[in-house]
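Listed below, chain by chain, are the residues.
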Amino acid sequence: MKNRKNYLLIGIIGIAILVGCGFSIYNFLNSNRLSISERRWVDENSSSSTLISLNVINNADVFGNNGKGVFYDFLTDFENEYSLKLNKVAFEHGSSVQGVSFGIKKTIDENKDIVFYKDHYVLVGKNFEIINKLELLNGKEINILTDDLSYVSNYINASSMTFKTHKTIEDLFTAINDSNYAIIPLHLYLEDILNKNFNVIYHFGDINSYYTLSTSDDVLSSVLKKFYSNWEEKFKEYYNDNLFNSLVSSLSISETEVDAMQSISYDYGFINNSPYEVISSGNYGGIAAIYLKGFMDVADVEFKFTKYRNFNKFNKAVTKGDVDVYFGYNNATNAFAKTESGIILNYSVIANTKNDIVINSINSLIGKTVYVDNYLSSVNGIVVKTYDNNKELVKFNNDDEIIVVDSNIYNYYHNNGLENYTLRYSDSIKTVYDFNFKNDNAMYKIFNKYINIVDSQKVLNDGLYNHYKTVKSGNILSLIAKYFIYLLVIGVILGFIIVKRTKKIKVAKKIKKDDKMKFIDQLTLLKNRNYLNENIKD
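Analysis parameters
- Residues numbered from 1 in each chain as written.
- Predicted model: local features only at pLDDT ≥ 70, side-chain atom pairs only at ≥ 80, totals over all residues.
- Heavy atoms only, no water.
- Phe/Tyr/Trp six-rings, centres within 6.5 Å; stacked < 30°, edge-to-face > 60°.
- Helix = DSSP H or I, 4+ residues; strand = E, 2+ residues; numbered from the N terminus.
- Buried < 20%, exposed > 50% of the residue type's maximum accessible area, 1.4 Å probe, protein only.
- 1 Å grid on protein atoms, 1.4 Å probe; cavity = no way out; pocket = protein on both sides within 12 Å on 5 of 7 lines; lining within 4 Å.
- Points joined across faces, edges and corners; volume = space filled by probe spheres on them.
- pLDDT = per-residue confidence, 0-100.
- Contact = heavy atoms within 4.5 Å.
- Pairing = 2+ DSSP bridges.
- Axes fitted to C-alpha atoms, helices over the stretch in contact; angles between N-to-C directions.

In this description, an aromatic ring pair is defined by two values, namely the gap between the centres and the angle between the planes. Counted by the stated rule, this structure contains 58 aromatic pairs. Ring centres of Tyr121 and Tyr151 lie 6.1 Å apart, and the angle between their planes is 50°; on these two criteria the pair is classed as tilted. A residue pair is termed long-range when its members are at least 10 positions apart, and Tyr121 in strand E6 (residues 113-125) and Tyr151 in helix H4 (residues 146-153) qualify at 30 residues. Taken individually, Tyr121 and Tyr151 each receive the classification buried, so the pair is uniform in this respect. An angle of 50° between the planes, with centres 5.5 Å apart, marks the rings of Tyr326 and Phe336 as tilted. Of this pair, Tyr326 sits in strand E15 (residues 325-327) while Phe336 sits in the loop between E15 and strand E16 (337-352); the two residues are 10 residues apart in sequence, bridging distant segments of the chain. Assigned by exposure class, Tyr326 and Phe336 land together as buried.

Here is the structure:
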């Protein structure tokens, strides 16, 4: 009786858990469904000719500019979903508006603002320069909008540089010359950056502005919020399409050229070079992969990735014209068109832990033998020996050598093949890694514009993580394949043993039956003379 009660109690608890889980799942799946009052509001407004007014920024490229952009795409989908008629009141950034608005904010209210996109400020100039730390801007003149000065100054030590303020963006752009710079929000003035051929020299990834939907406490806001929750997955597609249109427009590239560019696939050649690029179990990943995959999404182009075993084979393929694009970490000399990636070449000088050498500058290496990768082989005043790839690099682990290596490569191999080496000195070479294109065609021109506006530090961070995931997934698949082979071998061995044992049993049974026929009389079932003759003692 007691056991019955226990079973009944367990059953009730189990049913309660299942009902609770079901209710939670139902609420989760239906949390973005319109309530009865919201549905009534939609029905009333969709059946009337009344226009529903809201504010939309109209001078921010990609998001809202001349009636086009992500915000307008969102509102078009919203209108189509609920058959509503919207009055999109256009305004320019900086104007004061009331009510539901799609615009740009420096600070957000988590209760009322829906963030579509987090933008950041950039340093632009007329010429390409390599600036990897703000100290290089000390004493430089920086043009900035008056409205942005106090906000930007919170993140930058204003005493180290000279800010020149301007009330309008037109005045600011006019003031930029060969010897000064400007700090501006990236997307707000993207059209000007692209059309005026400004170079984005530095990304202030921590100085942000936000593209938001600012809501009120009305039914329209509630419906917009729920619609956004279901629409959010479309954002990337709309963003990429609008960004691509801006890039193409700035270059005056025709639709015919775009169609031709998107109709073919491009051969991308590389050598495994962790963490910049690697292929593992068929997956391509790494720092360079972030640039390429981002561009593939924006431009709707396709790359076919081919890995070469060593630099010689890679170089021959480039020379023969089998490669359309490659990441230029190697010292290949050819007529390929180059575009800077923004990834600065930082290097580390490392030595075996047994070596007590002190290196305070690169000049400390003069007169010493140093191993370098072939792209670093031009260090002056040093006896240089080269190694071709990372496989050769890790072979030095048990040797007592001095090595100059890319810092990102060393950081990866420090605990993964170069455990016996420690860092002695680090610095950067005033150069960046290039992407190289066989043809100076439409794709090259668009990629050149695209890569100019991409935050290289974010690419570096994302690329390192992407490389980690790519290698890890490859290791997991390799491990699964290895154990599958082990199981297969064990299965074959067990099968062989079972078959052998089965045959022995059958033979034994057959022999037993033959003995019975030979030694036992079939009528009396008594042992016959043959049995006596076989078993009689001599």
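Quick look at the layout of surface pockets now. Within this model, the largest pocket holds a volume of roughly 920 Å³. For the lining of the largest pocket, the elements supplying multiple residues, two or more each, are helix H6 (190-195), strand E10 (199-214), E16, strand E20 (421-437), helix H14 (442-452) and helix H15 (456-519). A total of 7 residues in the lining of the largest pocket trace back to one element, the largest contributor, which is E16. Here the second largest pocket is characterised by a volume of approximately 760 Å³. Of all the secondary structure elements, the ones that give two or more residues to the lining of the second largest pocket are E6, E10, helix H8 (235-251), helix H10 (287-299) and H15.

It is worth spelling out the confidence of the model for the chain at this point. Looking at the chain as a whole, the pLDDT averages 86, with 82% of positions reaching at least 70. Scored below 50 in pLDDT, residues 21-29 shows 0 contacts in the model against residues more than four places distant or in partner chains.

In space, the 8 strands of this open sheet follow the order E4-E1-E5-E10-E6-E9-E7-E8, with mixed pairing throughout. Looking at the sheet topology across the chains shown, the edges are occupied by strand E4 (86-91) and strand E8 (162-166). For this sheet, the mean inter-axis angle between neighbouring strands, taken without regard to orientation, is 25°. Bridging between strand E7 (residues 141-145) and E8 involves 5 bridges; their strand directions are parallel. Looking at the pairing, Leu145 lines up with His166 of E8. The strands that H4 touches are E6, E7, E8, strand E9 (181-185) and E10; relative to E7, the one it contacts most, it runs at about 115°.

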